[in-house]
Amino acid sequence: MLEILRNAHYVVTVNPAVKLARITRSAVPSESVTQFEEGWMEVSRALDRAGRDGLSLLVDLRQAVGRNDPAFEAAMQRFRPIVMRGFRRVAILVRTPAGALQIQRHFREDGVERMISSDEARLLEYLAEAPPRGR
């Protein structure tokens, strides 16, 4: 497991042996929309440097403090496709059913299929079964 980014809000690792990138969100809340956007851009740049091709992505949001105010919702809508693009499969690890419902709503808005669960083993199994991405 290679750690490619660590800051107050995110830890990003890549495990080439199992073809998995992982973003773990901390419990430290973003103080502003600008800080939120800058953080996700830093995550995206780290993933770009590591290379997304051939990898699946697990996003661990279990510690994240949920935000659903309009400014943060709009920012997340802009950054989801930037951060999650180019992966074979994407799975989101949540702590609560309410968190799963919020993420499901996001994915319906995006029109993209992703797996959401509080069961990490189930998500890792789903990601390991990822078919090669078509070109």
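Heads up: the structure comes first, above all this text.
These notes cover the structure that comes with them. (Residues numbered from 1 in each chain as written. Predicted model: local features only at pLDDT ≥ 70, side-chain atom pairs only at ≥ 80, totals over all residues. Heavy atoms only, no water.)

Time to look at the pattern of salt bridges. Across all of its chains, the model carries twelve salt bridges by this definition. A salt bridge links Asp-60 to Arg-22, with the nearest nitrogen and oxygen atoms 3.0 Å apart. Pair noted here: Asp-60 is in strand 4 (residues 56-60) and Arg-22 is in strand 3 (residues 20-25), with a separation of 38 residues, a long-range link. For the salt bridge of Arg-22 with Glu-120, the shortest nitrogen-to-oxygen distance reads 2.7 Å. In this pair, Arg-22 sits in strand 3 while Glu-120 sits in helix 4 (residues 120-128), placing the two residues 98 residues apart along the sequence. (Salt bridge = Lys/Arg side-chain N within 4 Å of Asp/Glu carboxyl O. Helix = DSSP H or I, 4+ residues; strand = E, 2+ residues; numbered from the N terminus.)

We now examine unusual backbone geometry. Here the phi dihedral of Lys-19 falls at roughly 55°; this positive angle occurs in a residue that is not glycine. When you line up the elements, Lys-19 lands in the loop between strand 2 (10-15) and strand 3.

Take the nonpolar core next. Within the largest apolar cluster, 28 residues are counted, with the highest numbers of intra-cluster contacts made by Ile-23, Trp-40, Val-43, Leu-47, Leu-57, Met-84 and Ile-92. Counting only elements with at least two residues in this core, the list comes to strand 2, strand 3, helix 1 (33-50), strand 4, helix 2 (70-84), strand 5 (90-93) and helix 3 (97-110). Of the residues forming this core, the biggest block, six residues, is contributed by helix 2. Those residues in contact with Ile-92 that sit more than four places away from it in its chain are Val-59, Leu-61, Met-84, Ile-103, Phe-107, Met-115, Ile-116, Ser-117 and Leu-123. With eight residues, the next largest nonpolar core counts Leu-58, Ala-91, Leu-93 and Leu-127 among its residues. (Core = buried A, V, L, I, M, F, W, Y, C linked by side-chain atoms within 4.5 Å. Buried < 20%, exposed > 50% of the residue type's maximum accessible area, 1.4 Å probe, protein only. Contact = heavy atoms within 4.5 Å.)

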